[in-house]
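Structure at a glance
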Amino acid sequence: MGAERTLHGEPARFARGFQQVGAETWAWLQPNGALGESNAGLIASGEHVLLVDTLWDLALTRRMLDEARGLVDAAPEVVFNTHSDGDHVWGNQLLAGARIVSTAKARELMTLDTPRDLRRLKRLGKLLRPLGREMAPFDWSDVELTLPNETFEGELSVAIGERRVELIEVGPAHTAGDAVAWVPDASVCFAADVLFIGCTPITWAGPLSAWLSALDRISALGATTFVPGHGPVCDQPAVDLLRRYLEWAQTEGGALLDRGISPAKAARSLLLSEEFKTLPWAEWDDPARLVITLSTEQYRRKGGQGHLIGLGRTRAIAQMQGVKRKLRTVG
């Protein structure tokens, strides 16, 4: 990869930009998949274009759209927002005249974290390292939340020229409104944040059993290629490895929660154990995200519905930062 760097200044493990994954089908990749380093996709049929997700700010989205023009000289007529997170939605305003589609639940959740909220958090983050460093690459000053103008539940088949793209709701998993785009003629699944590859997943909705069911659903498609929401393009074995991680978090983390150990202490215990060093996901970026996942798992076990929000969410994020600092100290 030479001297190429990620948005956060790390050495890039894979190339930024469009990677062709099938006939008239491309993945937009942003190494290495850390906070805000999200992927997207482009599906074309002649001059007809569907865009899978926008990016976290306008500059990133403009760059992607400019490069897309080099592949297909036509503006996207359909934008599919796979879920509610801002790093897959907040560039929508640049395509406000398009047909913008998401699940009904995802659209409902898009007001959970608004650009105004993140601008405030970014200002606060300057005082709370490493949060400030993680948010520094992004500029939300001109972002206006632009919601989908069409929603669906279950499945929706979309015609793009002579091709059909199947939009399939698989949530709750990462979020309550997760959906994927299945391109049968290319055997490509744009799985968005149902898949994190080479970086630790984070659970805002869950429970983990539901995320495992979502993996069953996309695995049953028989795709040759998967485009994750974060990380490089992958195949079924990488999906299976993510399954093993989520099963580990569910079993090992769940056992500690059952003993009354807090999510933060449970995550810290697991991540600092000698056993963890031998596991294949020990090399994944941002292992402290396990704090969020176990916080959400505990929330759902206690009868919580939907996303981890409010004070519980804020506390989990703060505790995750604390575990990150601890891991750096011992690393």
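See the structure above.
Below: a short report on this structure. Everything numeric here is computed off the predicted structure, so don't read it as measured data.

Omega for the peptide link from Gly171 to Pro172 comes to 10°, which places this bond in the cis form. With respect to the helices and strands, Pro172 occurs in the loop between strand 9 (163-169) and strand 10 (179-183). Of the consecutive residues Gly206 and Pro207, the connecting peptide bond is found in the cis state with omega at 0°. Positive phi is not limited to glycine here, since Glu24 has a value of about 55°. Take Glu24: it is sitting in the loop between strand 1 (17-22) and strand 2 (25-29). Judged by its relative accessible area of 34%, Glu24 is partly exposed. Despite not being glycine, Asp286 shows a phi value in the positive range, around 60°.

We now examine the packing of helix 8 (residues 290-301) against helix 9 (residues 310-330). As a packed pair, helix 8 and helix 9 sit with axes 8 Å apart at the nearest point and diverge in direction by 145°. Classified by chirality, the crossing of helix 9 by helix 8 is right-handed. Contacts between helix 8 and helix 9 involve Val291, Ile292 and Ser295 on the former and, on the latter, Ala316, Ile317, Gln319, Met320 and Val323. Taken together, the residues of the contact of helix 8 with helix 9 sort by class into six nonpolar, two polar and no charged.

Conventions used here
Position labels on residues start from 1 in each chain and follow its written sequence. pLDDT decides what is reported in this predicted model: residues at 70 or higher carry local features, side-chain atom pairs at 80 or more are listed and counted, and totals for whole chains, interfaces and linings draw on all residues regardless. To get the side-chain values, all heavy atoms of the structure are used, and hydrogens and water are removed first. Elements are defined by DSSP. Helices are runs of H or I of four residues or more, strands are runs of E of two residues or more, and each kind is numbered from the N terminus. Burial status follows relative accessibility: with a 1.4 Å probe on protein chains alone, a residue under 20% of its type maximum counts as buried, one over 50% as exposed, and anything between as partly exposed. Here an angle of 0 to 180 degrees is reported between the N-to-C directions of two axes, which are lines fitted to C-alpha atoms, with helices fitted over the stretch in contact. Crossings are classed by handedness, with left-handed meaning an anticlockwise turn of the near helix from the far one by less than a right angle and right-handed meaning a clockwise turn. Residue contacts follow a heavy-atom distance rule, with two residues in contact if any of their heavy atoms lie within 4.5 Å. Lys, Arg, Asp and Glu make up the charged group, whereas Ala, Val, Leu, Ile, Met, Phe, Trp, Tyr, Cys and Pro make up the nonpolar group; the residues left over, Gly among them, are polar.

Note that all results are geometric; they support no functional claim without further evidence.
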